Amino acid sequence: MKQKRPFLRFRRVSLTAVTMLAVAACGSSEEYKWDPWDVSQNQVASVNITLEDGTTEELKTGSTIGIYVIDGNGAVSLVTATVDANGNIQLPPEAFDGRVIAYSPVQPGWNTATFNGTPLFEVQPDQSTQADYDASDLMIGTATMTTAATRSASMELSLKHMLARVMVNVVDETGSLDTENTSMRLLRMAGSVYVSLSAMKVTTVENSSLDIDMLPYSMTDRRITMIAIVAPQTIQEGADLFEFSMAGSHRKATMTSTETLEGGKTFVFQMRYTDEGLVPDGSYVADWEVDDNDIDLNIRIKK
């Protein structure tokens, strides 16, 4: 039986005001300047991820969210919020009024002018650490606030994964798989997109291919699962998909059909490590959380 583990597939971030304090409205299309230590300017909001099955979990401490607020006149302001140890963020009340488009993780240099532009987002070439994997997971979402005289509004903000995820599972049938000295690298994958925040869309940059070191998602004595974030793209028949390395030995997995990797989807490749070497064992496409929907994506192994 395949073990399934929720992994931030579709994030619904619930921001609910628990302290309401008045401030002057922001009327310019510039970054909203407020002092997070001046409690007279702030509201405290709790931040949760609501998964598709209805369960919730907190965003990681230190997670950053960029929140664009568009008022009734079309003026854009930008708030950057960081999740604290209590799962809360500090926001000015303007973030609870008007239309909101948010993204994560926050990018240096993205400002109010960026909102109507097409800034470049690039995945990390080395995603072998959790921090660099998270830095590659671009999410964008929207919400509309209901303004009340008492400012008792709440914010339900849904963030969607914009890029694609590749997962490789290797099951050891020999008892000799050296998990301590095993790594995987995706080969010549598109890793850059142009981002339209206002339209909440991404466009893959042509000729942005790079090799991407994968994150050890789960490792036991008999099973290895590696993951990485890539740009939406089409992988052509005959293209090398990934390289499996163990104790100085290297083998490549090659596509035997042309397949398209869509944003918000996980592409799972099942492998068996046998006495004959690495053997393909099926593959399928799933939502961000892997399930058992079996779709044939054919690969072969180069020795």
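Heads up: the structure comes first, above all this text.
What you see is a predicted model, and the numbers here were worked out from it, not measured in a lab.

K.L.:
Help me understand the sheet that holds strand β13 (residues 192–196) in this model?
P.N.:
The strands making up a sheet are joined through hydrogen bonds of the backbone, oriented either antiparallel or parallel. Spatial ordering of the open sheet is given by β8-β13-β14, a layout of three strands whose pairing is antiparallel. Sheet topology places β8 (120–122) and β14 (201–204) at the edges, where each strand pairs with a single neighbour. With direction set aside, neighbouring strand axes in the sheet form an average angle of 35°. In this structure, β8 lies alongside β13, joined through three bridges in antiparallel fashion. The partner of Leu120 across the bridge, within β13, is Tyr194.

K.L.:
Just checking my understanding: could you explain the side chain of Asp172 for this structure?
P.N.:
By the element assignment, Asp172 lies in strand β11 (residues 164–172). A polar side-chain atom of Asp172 sits 3.0 Å from the main-chain amide nitrogen of Gly175. Here Ser176 takes part through its backbone nitrogen, which lies 3.3 Å from a polar atom of the side chain of Asp172. Setting aside chain neighbours within four positions, we find Asp172 in contact with Leu177, Asp221, Arg222 and Tyr273.

K.L.:
How do you make sense of the environment of Ser136 when you look at a structure like this?
P.N.:
Structurally, Ser136 is set in helix α1 (residues 130–136). For Ser136 and Ile229, which are 93 residues apart along the polypeptide, the C-alpha to C-alpha distance reads 6.2 Å. Other than its neighbours up to four places away in sequence, Ser136 contacts Phe121, Val123, Gln124, Gln127, Leu163 and Ile229. Within the structure, the side chain of Ser136 is placed 2.9 Å from the backbone nitrogen of Gln124, a separation counted as a polar contact.

Scoring rules and cut-offs
Residues numbered from 1 in each chain as written. Predicted model: local features only at pLDDT ≥ 70, side-chain atom pairs only at ≥ 80, totals over all residues. Heavy atoms only, no water. Pairing = 2+ DSSP bridges. Helix = DSSP H or I, 4+ residues; strand = E, 2+ residues; numbered from the N terminus. Axes fitted to C-alpha atoms, helices over the stretch in contact; angles between N-to-C directions. Polar contact = N/O pair within 3.5 Å; in protein donor to acceptor, adjacent residues only side chain to side chain. Contact = heavy atoms within 4.5 Å.

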